[in-house]
Amino acid sequence: MAVDEVEFRILGPLEAVVHGRVVKLGGPRAQAVLATLLLDYGRTVSVDRLATLWGHPPPSSVRNQVMIAVGTLRKALREAGAKATIIETVGQGYRVATGSLDARSFEESVTAARQAAAGGRHTAAAVLYSQALATWRGPALAGLDLGTSVTAERWNDLRPAAAEEWAEEELTLGHHREAAAELRGWLAEHPLRERLRGLLMLALYRCGRKAEALETYREGRTLLGEELGLDPGPELRRLQEAILNDSPELQPAPAAASGPRVVPAELPSDVAGFAGRVADLDQLKRCLSPGSSTTAPIVVVSGNAGVGKTALAVRFGHLMADEFPDGQLYVNLHGYSRAPAMSSLEALTRLLGSLGIAPDQIPPDEDAAAGLYRSQLAGRRMLVLLDNALSAEQVRPLLAAAPGSVVIVTSRDRLTGLVASHGVRRLPLDVLPVDEALELVGAVAGPESLAAEPEAALELVRLCGALPLALRVAAATLADHQDPGHDPGEGGGALEGYVAALSAGRLDTLRIDGDMAVGGALELTYARLPQPARRLFRLLGLMPGQDITPGSAAALCGLGHDAAGPLLDRLATASLLEEHRTGRLTFHDLVREHAHEVAMREEPYTERQAALTRLLDHYRHLADAAHDLINPNRRRLLPPPPRPEGDQPGHADRQAAMAWLDGECGNVIAAVRAAVQAAGHVADRRHDEHVWQIATDLNPYLMVRGRFAESAALSDVAASAARHLGRPRFEALSLFAAALAEQAHTGRYRQVLGSLQRALDLAGAADDRWIQAQCLGLAGYLHHYLGDYPEALRCQRQAIAAHEEVGNALKQGLAHSDLAGTLIVLGQYGPADESLKRALTIFREIGFQLGEAAALHHVAESLCGQGLHEQALDSLADSRRLLTALGDPVMLATVVGSIGDTLRCLGRLPEARAALDEAFALIEGLTAVSVSAALSNQLGLLLADQGDPLSAVTAHEKALRLAAGSELRLEEARAHHGLAAARQACGADAAAAEHRERAAALFDALGVNP
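Throughout, a residue's number is its position along its own chain's written sequence, starting from 1. For this predicted model, a pLDDT threshold of at least 70 governs which residues receive local features, and a threshold of 80 or more governs which side-chain atom pairs are given and counted, while totals over whole chains, interfaces and linings are taken from all residues. Excluded from the side-chain calculations are hydrogens and water; all other atoms, namely the structure's heavy atoms, are used.

Enquirer: Describe in detail the overall build of the chain, supporting the description with residues and values.
Expert: Working definition: helices are DSSP H or I runs of at least four residues, strands are E runs of at least two. Numbering for both runs from the N terminus. Helix and strand counts for the chain come out as 44 helices and 14 strands. Based on C-alpha atoms, the radius of gyration is set beside the globule rule, defined as 2.2 Å times the residue count to the power 0.38. Taken against the 2.2 N^0.38 rule, which gives 30 Å for 1010 residues, the C-alpha radius of gyration of the chain at 34 Å falls within 12% of a compact globule. With respect to the principal axes defined by its C-alpha atoms, the chain has extents near 110 × 70 × 65 Å. To sort residues, take the accessible area from a 1.4 Å probe on protein chains only and compare it with the maximum for the residue type: under 20% means buried, over 50% means exposed, and anything in between is partly exposed. Counting only residues that meet the buried cut, the chain has 52% of its 1010 residues in that class. Note that accessible areas follow from Shrake-Rupley with a 1.4 Å probe, and for residues the cover is restricted to the protein chains shown. Split by element, the accessible area of the chain, about 43200 Å² in all, is 51% carbon and sulfur. Neither His nor the chain ends contribute to the count of charged residues, in which Lys and Arg are positive and Asp and Glu negative. Every charge is mapped to an atom, namely NZ of Lys, CZ of Arg, CG of Asp or CD of Glu. Across the chain, the 97 positively charged side chains and the 124 negatively charged ones have centroids separated by 4 Å.

Here you go:
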């Protein structure tokens, strides 16, 4: 929080917090004024409205008293350190201009949860709902008399509604016992909420507690009768009947039930020839064994570079693997690598992916992702190794050790901040004792040499400073150069010769992290490699990514695969590379640093740039080939790049392309970033072309994988490269891709429109009608869902013209159909019918039946709008026939729902209910937010016509949740409109008036009749 920002809290007793301290706000009148301003946060509240806080009628001096109350608040906030202008005078009123509001945070978390739930991300939704509910400290503005405040009551109504939605997500996930325990408390607070009662009944039934579920129903029936003189609603009655009959429908749907948990096994391979560290392993076992009485779930293993922190942690993990049946997680945080350290959110994304969470189900917010991670670890016995941490701040969100699980953190830093915040145990590592150092050398080089040359062995330990990394490199080099025919008893053995060379070497030529021992050992190992292996080693130090494949190594050095493979094996034999996954090798950070230093020292600048260019050529070739397979209908702005000499031909099929990108995408992106840096130093800007083309080729993969944030960021990089190249068409295409990814990632349609407009301007300047058509189509979509129908119409009409110019008949027909949909919403049926005739003509000429079915649905909507319901049923029947053959369940559900609503308008209510039930069944288990919202509103209208206003309220509330979560403003307005009528029928006049007011405001803003 900024030094002058105020944290306002209304979800509980009124509070204002500055610098962590609660501000004394004055008397009840001043507090009531602030509360009223906060209930309309950011909007101006008139003095006349504030005057009502003084009663009816207010005293003649009320205006002065309002000014005094505002002055008291300003003074209290200013003295606490807030801005003097935090409460602004605006005309004949006041408004709160800055600061944060807990109610807004609650609303944002609920909206994010609804979006996650609508997208099928149920675990993320449950976490977000929990975070939202944790914002509350009691009833809104508890203890403060505001007279009759409908708005305050609205907040109090939203709290149990959010709890109900949380419970639905928990039940979807199969967490029945947890939900039942929480729902009892909620129902005690809100005993008349039938939805809460029904959820508790379902949770109890699924826990095998049928008798308790039925008793919960009986208690509710008695309470409703005594308090309201009503019987339970039909939904609750149907649930009771289903429980009595043990109906199969009460069990979770197979798609919704929790599937088998992923059991990751991500520890790197155990270190060959591991020796020593007996006391340290025992200490880890005492601290971390699940059955130990001294269990501390988190241990920080700290020490200098090369001291063996990771090797110790990995050895412990393999020794204790059976103690952690739910698996082991590993992530290298790259705290001391040349590449930027991994952010906490990046690490959480990787960890959640390892636990089986799809990329599009991982929240983009760090706190939400951390909450989801904690939820995933709950109830598991796992080992989590967080390797190479930079700081306590980086690690803290990742410390989610649940009972039975343990976390090991390795770092060069002692991370003392974690001791206070998380009670971690610390295990500092030093260099090896002499006996253990000798044991390590013998394990790698063979014990015979040590036995024959004990003095030389001791000298080797001294020269290497007893540092495990230096000893391992030296021993591997020694083992590789021993003469198998030499008799150690003859003297002048290999160990003695190696020690002499190491002593005579220029040990001061390289210092890594201040340690000459590592530098000396690496220098000598490097010197003893054959020249091709030395060249490969130093060029690999320029590799931008985190690991190496034979293909990328071959490209970097300009070698064929057959030549690169044996050289990589040679480096691995010398302990300079480690195979951390099959076919993928990596450096220790110190070895990577050494390789980079040697490359900078021995390779001329031109060769370093040539190596990067060869790597980019390799990635460009394979990324372009993958793009062709993932999106075969792509439109090229550049010809296919040439295949680099000796490179692999491409990918066998789409599956192979996706698999290559799954493993290599992170390295390709790292190379793109390296190219961006290099482009600033290369006069011909060749790397900019690499950047643009590779980024463009990666986008289809990223979108398919749901990695929308990465796609948006990479598209921005591509747009910048295109700008440097002076190619506006390229830039326009990249900005369009960025907008497409950003709207999918955030749903912030208005923000996305800004960058999309820039793409449109560039495409217009370049006279590229194809890109313009794509941009206009997306703009029409965004404006339509934002409820800006005039602008949607303009974009849709321009898209039609652009598609016609470039000869894209199918897109032209779709644009006509979209245009008709907007015109129908606005009640402009004549123009809509003309557009639909054109769309149907195009679709029938080219045989595009899905488009024909969608257009026929719009025809029916137009007929219904004109009161021609019988004719509308004919068009809907034709649309349904086509869709049944095509097998599109979402579009078919839309049409069947419209059939049900049309039957309702004709008074054929039983047939209407059957149609709506069928429509809901069609989309069960599918992500179809807009369709589900529309169907729920249609069901609410039907239930109201059937004389069941309580069930109508439930249906419209569901529609409202879905619509608000996805910015479906028209369905949101319709939901409020339906709720107004249903609440009125239930006798809830105040709530009905508020819904009626909100519906009128939304319909007016949209320019649409109810």
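There is more to say, and it comes next.
Enquirer: So what's going on with helix H27 (residues 605-630)? Which residues, and what values?
Expert: Between its terminal C-alpha atoms H27 stretches 37 Å, which fits the 38 Å expected from 26 residues at 1.5 Å a residue. Of all 26 residues making up H27, 20 are buried, and the element is well covered by its neighbours. Given the number of residues in a helix, its expected span is that number minus one, multiplied by 1.5 Å.

Enquirer: Please give an account of the packing of helix H39 (residues 889-905) against helix H41 (residues 929-945) that cites residues and values.
Expert: Every axis corresponds to a line fitted to the C-alpha atoms, with the helix fit spanning only the stretch in contact, and the corresponding angles, defined between N-to-C directions, vary from 0 to 180 degrees. Contact geometry of H39 with H41 gives a least axis separation of 10 Å together with a crossing angle of 20°. Taken together, the axes of H39 and H41 are roughly parallel relative to one another. The hand of the H39/H41 crossing is left-handed. From H39, Val-890, Ala-893, Thr-894, Gly-897, Ser-898, Asp-901 and Arg-904 reach across to H41, where they touch Val-931, Leu-935, Gln-938, Leu-941, Leu-942 and Asp-945. Each residue gets one of three labels, nonpolar for Ala, Val, Leu, Ile, Met, Phe, Trp, Tyr, Cys and Pro, charged for Asp, Glu, Lys and Arg, and polar for the others, Gly among them. The residue inventory of the contact of H39 with H41, partitioned by class, reads 6 nonpolar, 4 polar and 3 charged. Angular relationships are summarised with four words: roughly parallel below 35 degrees, roughly antiparallel beyond 145, roughly perpendicular across 65 to 115, and oblique for the angles in between. Here a crossing is taken to be left-handed if its near helix is turned anticlockwise relative to the far helix by less than a right angle, and right-handed if that turn runs clockwise. Here, two residues are considered to be in contact whenever any of their heavy atoms come within 4.5 Å of each other.

Enquirer: Can you explain the sheet that holds strand E7 (residues 100-101)? Please cite residues and give values.
Expert: For two strands to be treated as a pair, DSSP must find no fewer than two bridges joining them. A sheet is described by the order of its strands in space; here 4 strands give the open sequence E3-E2-E1-E7, paired in mixed fashion. Both outer strands of the open sheet, strand E3 (21-22) and E7, are each paired with one neighbouring strand and no more.

Enquirer: I'd like a rundown of the UniProt feature "domain: OmpR/PhoB-type" (unreviewed entry) in the chain, residues and numbers included.
Expert: Per the UniProt entry, the sites bearing "domain: OmpR/PhoB-type" (unreviewed entry) are residues 20-96 in this numbering. Secondary structure across residues 20-96 divides into 45% helix and 16% strand, with the first and last C-alpha atoms of the span separated by 20 Å. UniProt positions are given in the numbering used here, feature names are shortened, and annotations may be inferred rather than shown by experiment.

Enquirer: Can you tell me about the sheet that holds strand E12 (residues 425-428), naming the residues and giving the values?
Expert: In space, the 5 strands of this open sheet follow the order E9-E10-E11-E8-E12, with parallel pairing throughout. Of all strands in the sheet, those with a lone pairing partner are strand E9 (328-332) and E12, marking the two edges. Recorded for the sheet is a direction-independent mean angle of 15° between the axes of neighbouring strands. When strand E8 (residues 298-302) meets strand E11 (residues 406-411), the two strands line up parallel, connected through 5 bridges. By the bridge assignment, Ser-302 is partnered in E11 with Ser-411. Strand contacts of helix H11 (residues 278-288): E8, E11 and E12, with the helix running at about 160° to E8, the strand carrying the most contacts.

Enquirer: Please provide a residue-by-residue account of a nonpolar patch on the surface, values included.
Expert: Here the term patch refers to residues with relative accessible area over 30% and no salt bridge, with like charges joined within 9 Å and nonpolar side chains (Val, Leu, Ile, Met, Phe, Trp, Tyr) within 5 Å. Criterion for a salt bridge: a side-chain nitrogen of Lys or Arg within 4 Å of a carboxyl oxygen of Asp or Glu. There is a patch of nonpolar side chains on the surface, built from Leu-192, Leu-228, Leu-230 and Leu-950 and spanning about 320 Å² of accessible area. Positionally, Leu-950 belongs in helix H42 (residues 949-965).

Enquirer: Pulling in residues and values, what's your account of the packing of aromatic side chains?
Expert: What counts as a ring pair is set by centres within 6.5 Å for rings of Phe, Tyr and Trp (its six-membered ring), and what kind of pair is set by the plane angle: stacked under 30 degrees, edge-to-face over 60, tilted for all other angles. Inspection of the entire model under this criterion finds 7 aromatic pairs. Between the aromatic rings of Tyr-526 and Phe-537, the centroid separation amounts to 5.8 Å while the plane-to-plane angle is 45°, which identifies the pairing as tilted. A residue pair is termed long-range when its members are at least 10 positions apart, and Tyr-526 in helix H22 (residues 516-527) and Phe-537 in helix H23 (residues 531-540) qualify at 11 residues. Both residues of the pair, Tyr-526 and Phe-537, count as buried. Grouped by ring-pair contacts, the aromatic residues Phe-106, Trp-136 and Trp-155 constitute a single cluster.

Enquirer: Explain the confidence of the model for the chain to me, and be specific about the residues and the numbers.
Expert: Within a predicted model, pLDDT stands for the predictor's per-residue confidence, ranging from 0 to 100. Averaged over the chain, the pLDDT score is 84; the fraction of residues at 70 or greater is 90%. The lowest-confidence element of the chain is H22, averaging 66 in pLDDT; the highest-confidence one is helix H36 (residues 829-846), averaging 94. Overall, residues 506-516 carries pLDDT values under 50, and its contacts beyond four positions in sequence, including any with other chains, amount to 20 contacts.

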